[in-house]
Amino acid sequence: HRQGARLAAPLRKKAPRPPRCCMSSTCMECLLPLLSLSYPHASAVGREGAQEPLVELYQLSLPGGAVVREWVGSEAVAHLRPIPADSLAPNAGAMVPIGAAHDRGLLHRGVWIGVLRGPATEAELLLLQRSDRVVTCPTAWGLVGEHSAPSEAWESTVRRAVREELGVVDIASLGPLGVPVLFKSNYSRDGGLGGRRDRTKLDLQVTALYWVRLAEGAETRLRFDAEVARWRWASTEAVRAMLARERSRLCNDKIRTLLDHAVPLLEAHLAEEAAGRRLGPGERRRRRYSGEDRSRRLDV
C-alpha cells in the first residue's frame, strides 16, 4: 500500500544546485544571474550581513566601439563627462547590492538633487550634513542624493529620494539640470572613508542633477533619518563661498567638483524662473512649444 502511494504521488523536481563557485559570496560572475531575478526596489544581503538596496548595472558605449562597465577600463572616461542617453544601456539586466557595486566600481545610476525654497531672486538651497556614524563622508555637507533602483526613471528616483530622505511627498515642480554626468571617485585615494584603511569604495555612477521645489508648507515638515546630523538652507552665493574657502567641509575633491558643476546650473534655472515670472502666460506658452524652454525629461 505504501509503495502504491509513492507511485501515485506526483513527482517533485529537485531545484537545480547552483554551480560550485556560487557557494562563495565572492563569485560575482555567478551571483549576477541570480540577482537579476529580483524585483525592482528589492534589497539583498550585503557583505556585512545588512540588507542593501539593489542597483541595476549599466554599460557605457564610447566613440570607437569601447564599452565601459566597471572601474577597471574606465581610465579613458573623465570625471564629470556628460553622458548622452543613447550611450547608456542596461548591462544585460544584471543587478547587485549597492555595496557590491562600490566594491568593484560597477557602473550604476543615481541622482543629486538641489531642493530649493523662496522666490527665484532670493532662493535658498537645502544642504545636509552627514552623521559622524556613517562610513562614507562622515560629517560632510552635500545635497540630497539617491541611487536609482532597477528600471527606475530619473524622475521617479528624484520623487522617491524626496519621500525617503526628506519625509515629504508634496512636490510642486521639478526638472533636470543639464545632461547626466559620470561621477568617479576612489574614496580610498580621494578621501571620504573617515580614515578607515580596511575599506575600499570605487564609485562609478552616471549622475543626473535635478532641481526640486516642494509644495507650499512642505519645508516645515521635513523629517530626516539617522544619517543626517544637521541641515540648513543657504543661498548659492553661500555655497560658492563654501566651495572656495571651506573645502574641508565637503567629502572630497570629487564631491566638491560635482557641487561646483551643479551650482551654475541651479543659478541658470533660477534666472529662467525669474524671467518666466516676468513673462505673461502666452509668452511662456510660446517659448515652451517653440523649444526655447530648455527643460526636458531625460529618462533612460
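Residues numbered from 1 in each chain as written. Predicted model: local features only at pLDDT ≥ 70, side-chain atom pairs only at ≥ 80, totals over all residues. Heavy atoms only, no water.

> Can you help me understand the overall build of the chain in this one?
Within the chain, the secondary structure is distributed over eight helices and 12 strands. Here the chain holds 300 residues, and 45% of them are scored as buried. For the chain, the exposed area adds up to about 16,700 Å²; of that, 51% sits on carbon and sulfur atoms. (Helix = DSSP H or I, 4+ residues; strand = E, 2+ residues; numbered from the N terminus. Buried < 20%, exposed > 50% of the residue type's maximum accessible area, 1.4 Å probe, protein only. Areas by Shrake-Rupley, 256 points an atom, 1.4 Å probe, with all protein chains shown as cover.)

> Which parts of the structure should I look at to understand the pattern of salt bridges?
Side chains that differ in sign of charge can pair as their charged atoms come close. Evaluated as defined, the whole model comprises 15 salt bridges. With a closest N to O distance of 3.4 Å, glutamate 70 and arginine 104 form a salt bridge. Of this pair, glutamate 70 sits in the loop between β3 (67-68) and β4 (88-97) while arginine 104 sits in helix α3 (residues 98-104), placing them 34 residues apart in sequence. Glutamate 70 sits in the partly exposed class, given a relative accessible area of 24%. Note that glutamate 267 is salt-bridged to arginine 240, the shortest N-O span being 2.7 Å. Note that glutamate 267 is positioned in helix α7 (residues 253-278) and arginine 240 in helix α6 (residues 236-245), a separation of 27 residues in sequence. Look at glutamate 267 and you get partly exposed, because its relative accessible area is 24%. (Salt bridge = Lys/Arg side-chain N within 4 Å of Asp/Glu carboxyl O.)

> What is the right way to read the pairing of strand β8 (residues 144-147) from this model?
For a regular strand, side-chain orientation follows a simple rule: the groups alternate between the two sheet faces. Burial along β8 is one-sided: Val144 and Glu146 are buried, while Gly145 and His147, pointing the other way, are not. Sheet topology note: the strand β5 (residues 108-117)/β8 ladder contains four bridges and is antiparallel. Paired with tryptophan 112 across the bridge in β8 is glycine 145. (Pairing = 2+ DSSP bridges.)

> I tried to follow unusual backbone geometry on my own but got confused; where do I start?
For residues besides glycine, phi is generally negative; the peptide bonds are generally trans as well. The phi dihedral of alanine 92 falls on the positive side, at around 60 degrees, and the residue is not glycine. Along the polypeptide, alanine 92 turns up in strand β4. Backbone geometry places threonine 139, a non-glycine residue, at a positive phi of 70 degrees. Mapped onto the elements of the fold, threonine 139 is located in the loop between β6 (124-130) and β7 (141-142). Its relative accessible area of 40% is what places threonine 139 among the partly exposed residues.

> What's the story with the packing of aromatic side chains in this structure? I'm lost.
The geometry of an aromatic ring pair is captured by the separation of the ring centres together with the interplanar angle, meaning the angle of the planes. Under the definition given, this model contains one aromatic pair. Note on phenylalanine 224 and tryptophan 231: the rings are 5.4 Å apart at their centroids and 40 degrees apart in plane angle, and the pair reads as tilted. Note on tryptophan 231: relative accessible area 41%, which makes it partly exposed. Directly above the ring of tryptophan 71 sits lysine 184, whose terminal nitrogen or CZ lies 5.5 Å from the centroid. Over the face of the ring belonging to tryptophan 141 we find arginine 232, whose NZ or CZ atom lies 6.0 Å from the ring centre. (Phe/Tyr/Trp six-rings, centres within 6.5 Å; stacked < 30°, edge-to-face > 60°. Lys NZ or Arg CZ within 6 Å of the ring centre and 35° of its normal.)

> I'm lost on the confidence of the model for the chain in this one. Help?
Detailed conclusions should not be drawn from predicted coordinates in areas where pLDDT is low. Residues with a pLDDT of 70 or more make up 75% of the chain, whose mean pLDDT is 83. Note on residues 1-16: pLDDT under 50 across the span, and zero contacts to partners over four residues away in sequence or across chains. Taken together, the stretch residues 18-40 has pLDDT below 50 and engages in 25 contacts with residues farther than four places along the chain or on a different chain. (pLDDT = per-residue confidence, 0-100. Contact = heavy atoms within 4.5 Å.)

> Where do I start with the side chain of arginine 256 in this structure?
On the secondary structure map, arginine 256 appears in helix α7. The class of arginine 256 is buried, set by a relative accessible area of 18%. Setting aside residues no more than four positions away along its own chain, arginine 256 makes contact with Leu243, Arg247 and Leu250.

> Explanation requested: the pairing of strand β11 (residues 202-214) in the structure shown.
A large share of β11 lies buried, amounting to 13 of its 13 residues. Neither face of β11 is left uncovered, since the one carrying Leu202, Leu204, Val206, Ala208, Tyr210, Val212 and Leu214 and the one carrying Asp203, Gln205, Thr207, Leu209, Trp211 and Arg213 both have all their residues buried. One ladder, built from nine bridges, connects β5 with β11; its direction is parallel. The residue bridging tryptophan 112 from the neighbouring strand is leucine 209, located in β11. Where strand β9 (residues 171-176) and β11 come together, five bridges link them in antiparallel fashion. Looking at the pairing, leucine 174 lines up with valine 212 of β11. One ladder, built from six bridges, connects strand β10 (residues 181-186) with β11; its direction is antiparallel. Counted as the bridge partner of serine 185 is aspartate 203 from β11.

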